[in-house]
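Analysis of the macromolecular model
Now for the letters of each chain:
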Amino acid sequence: MSLTGKTAIVTGSNSGIGLGIAWELARAGADLVLNSFTDRDEDHALAAQIAQETGVEARYIRADMSKGDECRALIEQAGRCDILVNNAGIQHVAPLDEFPVDKWDAIIAINLNSAFHTTAAALPMMRAAGWGRIVNIASAHGLTASPFKAAYVAAKHGIVGMTKTVALETAQEPITANAICPGYVLTPLVEAQIPDTMKEYGMSREDVIKNVMLERQPSKQFATVEQLGGTAVFLCSDAAAQITGTTISVDGGWTAL
Ligand code: NAD
């Protein structure tokens with residue numbers, strides 16, 4: 001699959017799944033815009049490394065995905081957006097009646113609202129270019145729920161719903177919108193929720209991994225960022241031109257249970 005000549009913007013891509021997807025899109029030939037809310041030398045160095053190793057053009061643009069105007073500015077500053085991967089996301093684990101309001105607001109803003117703003121800014125560019133791919137990184141939690149993750153589950157179900165709507169609005173254009181629903185992937189986001197989950201369930205780290213996280217994943221293996229990158233590249237391929245408005249689970253069988 002060659003994505004040469006296409007420009008991909010991946011939100012939240014200085015780490016984890018977003019970075020893995022960026023690498024696979026670059027290996028498939030797409031020029032890249034990496035993003036996060038920081039502006040460190042190492043953020044720009046990641047873009048330089050991808051460019052050097054794959055031969056594509058890669059830039060890092062700082063924009064805070066919790067702020068609607070910065071989401072839109074990211075797309076405008078990139079200047080072109082053939083492939084939009086809405087990946088930025090955070091997590092917080094707490095019972096609903098104790099869920100901190102600021103955490104609820106931040107999760108809904110970063111995991112859901114940002115995709116509304118970036119998609120709204122990117123669609124006119126895709127229409128002008130006559131081609132577009134929107135890949136939203138939802139979650140198994142976009143299709144099922146778990147206790148203590150009310151905001152995350154709400155945001156991920158929301159992005160699955162928004163994906164379907166965007167797909168219907170673009171159905172007769174050469175633009176598709178789909179959501180990838182990963183199960184557990186051992187990224188910094190998952191590492192960070194282990195201590196809180198240990199507290200909520202009164203379990204050791206090993207038991208949280210085995211009995212809470214991978215308990216839901218029949219394969220008993222974490223999915224990898226490379227597998228998610230490969231799935232995103234597939235959704236950008238010609239073979240996927242009639243795949244729109246749907247979800248692809250990369251969850252080791254979680255949602256088959
Ligand atoms: P991660 O913490 O490694 O990466 C999250 C990325 O989002 C980072 O690049 C971070 O800098 C960025 N980000 C956070 N807040 C931001 C903000 N305000 N503005 C811009 N960027 C911001 O986590 P990850 O596991 O790679 O998660 C990536 C996506 O995958 C998220 O949407 C997450 O919900 C989803 N997901 C992860 C898993 C998993 O098991 N890791 C499973 C299902 C879905």
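Residues numbered from 1 in each chain as written. Predicted model: local features only at pLDDT ≥ 70, side-chain atom pairs only at ≥ 80, totals over all residues. Heavy atoms only, no water.

1. Comments concerning the overall build of the protein
Put simply, the test is: Secondary structure is summarised from DSSP: a helix means a run of H or I of at least four residues, a strand means a run of E of at least two, and numbering begins at the N terminus for each. With C-alpha atoms as the basis for the radius of gyration, the globule rule is written as 2.2 Å multiplied by the number of residues raised to the power 0.38. Note on classification: 1.4 Å probe, protein chains only; a residue is buried when its accessible area is under 20% of the maximum for its type, exposed when over 50%, partly exposed between these limits. The contact criterion used throughout is that any non-hydrogen atoms of two residues lie within 4.5 Å. Exposure was quantified through the Shrake-Rupley algorithm and a 1.4 Å probe, taking into account, for residues, occlusion by the shown protein chains and nothing else.
Helices and strands together make up the secondary structure of the protein, namely eight helices and seven strands. Computed over C-alpha atoms, the radius of gyration of the protein comes to 17 Å, within 12% of the 18 Å expected from 2.2 N^0.38 for 257 residues, which places it in the range of a compact globule. When the backbone C-alpha atoms are referred to their principal axes, the protein occupies close to 50 × 40 × 35 Å. Expressed as a percentage of the 257 residues in the protein, the buried residues total 53%. Contacts in the protein between residues far apart in sequence, at least 24 positions, make up 73% of those at least 6 positions apart. As displayed, the protein has an accessible area near 11,000 Å², and 53% of this comes from carbon and sulfur atoms.

2. A look at the pairing of strand 5 (residues 132-137)
Definition in use: When DSSP finds two or more bridges between a pair of strands, those strands are recorded as paired. Throughout, right-handed denotes a crossover for which the path from the first strand over the helix to the second runs clockwise when the strands point away from the viewer.
Most of strand 5 sits inside the fold, with six of its six residues counted as buried. Both faces of strand 5 are covered, namely the face carrying G132, I134 and N136 and the face carrying R133, V135 and I137. Looking at chain direction, strand 4 (residues 83-86) and strand 5 are connected through four bridges and run parallel. Paired with I83 across the bridge in strand 5 is R133. Of the crossover connections in this fold, the one passing from strand 4 over helix 4 (residues 101-129) to the parallel strand 5 is right-handed. Pairing between strand 5 and strand 6 (residues 175-182): six bridges, direction parallel. Each residue of the ladder has a partner; that of N136, found in strand 6, is A179. In this view, the connection linking strand 5 to its parallel neighbour strand 6 by way of helix 5 (residues 150-169) has right-handed handedness.

3. A few points about the domain arrangement of the protein
Applied cut-off: Segmentation of the chain into domains, including their bounds, is taken from an automatic or database domain assignment. Two parts placed together each lose some accessible area under a 1.4 Å probe, and the buried area is that loss summed for both.
We note that the domain assignment places domain 1 (7-185 + 223-250) and domain 2 (186-222) within the protein. Using only C-alpha atoms to locate each centre, domain 1 and domain 2 end up separated by 24 Å. Contact residues are listed per partner, giving 22 residues for domain 1 and 15 residues for domain 2. A buried area of about 1,400 Å², summed over both sides, lies between domain 1 and domain 2, and 57% of it is on carbon and sulfur atoms.

4. Quick notes on the site of the ligand
Defined as follows: Throughout this document, a residue counts as near a molecule or strand when at least one of its heavy atoms sits within 4 Å of that molecule or strand. Residues adjacent in sequence count toward polar contacts only when both atoms are side-chain atoms; beyond that, a polar contact is any pair of N or O atoms within 3.5 Å, and within protein one must be able to donate a hydrogen and the other to accept it. With a 1 Å grid laid over protein atoms only, a set of points is called a cavity when a 1.4 Å probe fits there but cannot get out and a pocket when it is open yet has protein on both sides within 12 Å along at least five of seven lines; lining residues have an atom within 4 Å of a point. For this analysis, a molecule is said to be in a pocket or cavity if more than half of its atoms are within 2 Å of the grid points defining it. When residues are sorted by character, Ala, Val, Leu, Ile, Met, Phe, Trp, Tyr, Cys and Pro go into the nonpolar class, Asp, Glu, Lys and Arg into the charged class, and all the rest, Gly among them, into the polar class.
Taken together, 31 residues are adjacent to the ligand, and N14, S15, S36, Y152 and T187 come closest. Here an oxygen atom of the ligand sits 2.9 Å away from a polar atom, N or O, in the side chain of K156. When atoms are counted within 2 Å of each cavity's grid points, the one that captures over half of the ligand is the largest pocket. Of all the elements in the fold, those that place two or more residues in the shell around the ligand are helix 1 (16-27), strand 2 (31-36), helix 5 and helix 6 (188-201). The element best represented in the shell around the ligand is helix 6, accounting for three residues. Classifying every residue of the shell around the ligand by side-chain character gives 16 nonpolar, 13 polar and two charged.

5. Looking at the pattern of salt bridges
Stated precisely, the cut-off is as follows: A pair is scored as a salt bridge if a Lys or Arg side-chain nitrogen falls within 4 Å of a carboxyl oxygen belonging to Asp or Glu.
This structure, assessed with the given rule, holds eight salt bridges. Ionic contacts of the salt-bridge type, sharing partners, join the residues R40, E42 and D43 into one network.

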